[in-house]
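# Topology and contacts: notes
If you want the building blocks of each chain, they are given just below.
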Amino acid sequence: MEMIHKIGRRKTAVARVYVSQGSGNITINKRELSNYFPTATLQYKVKQPFALTNNEENFDVKVNVFGGGITGQAEAIRLALSRALCEMDAEHRLVLKPEGLLTRDPRMVERKKFGQKKARKKFQFSKR
């Protein structure tokens, strides 16, 4: 099996994932998974596509991710891994699609408007 390259996005985070046959090593920006994502929740989000398809120890993953915060980066990686698994085997799609792992989350930060404090918040009005 050759290397599969997929891209995942979430908010402003972009993850490029390279999946190949291996022993379950996940490297993110040349660092170990547990080093890059210290919390168990974020590690679970990254490993979720493999856990659902029973492939935890079958593939090596190299990830380049930039932009956004750590949660957005973890979810971008999850989307890219889900897309890669679907390309390897179409049967994985039946497992990942109902869990919502193949859907790009469209929510983005709303821009700040001119003459306002933030996107929706206005400056305080005083009656003097």
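Residues numbered from 1 in each chain as written. Predicted model: local features only at pLDDT ≥ 70, side-chain atom pairs only at ≥ 80, totals over all residues. Heavy atoms only, no water.

Going by an unreviewed UniProt entry, the chain carries the name Small ribosomal subunit protein uS9 and comes from Arenibacter antarcticus. Annotation of the chain in UniProt includes, under Sequence similarities (unreviewed entry), the sentence "Belongs to the universal ribosomal protein uS9 family." (UniProt positions renumbered as here; feature names shortened; annotations may be inferred.)

Pairs can form between side chains of opposite charge whenever their charged atoms are close. Taken as a whole and judged by the stated rule, the model has seven salt bridges. The shortest N-O distance in the salt bridge between E87 and K6 comes to 2.7 Å. With E87 in helix α3 (residues 70-88) and K6 in strand β1 (residues 4-10), the pair connects residues that are 81 residues apart, well separated along the chain. Across the pair K113 and E110 runs a salt bridge, and its minimum N-O distance is 2.5 Å. Through salt bridges with shared partners, a single network forms among R10, K45, E75, D105 and R107. (Salt bridge = Lys/Arg side-chain N within 4 Å of Asp/Glu carboxyl O. Helix = DSSP H or I, 4+ residues; strand = E, 2+ residues; numbered from the N terminus.)

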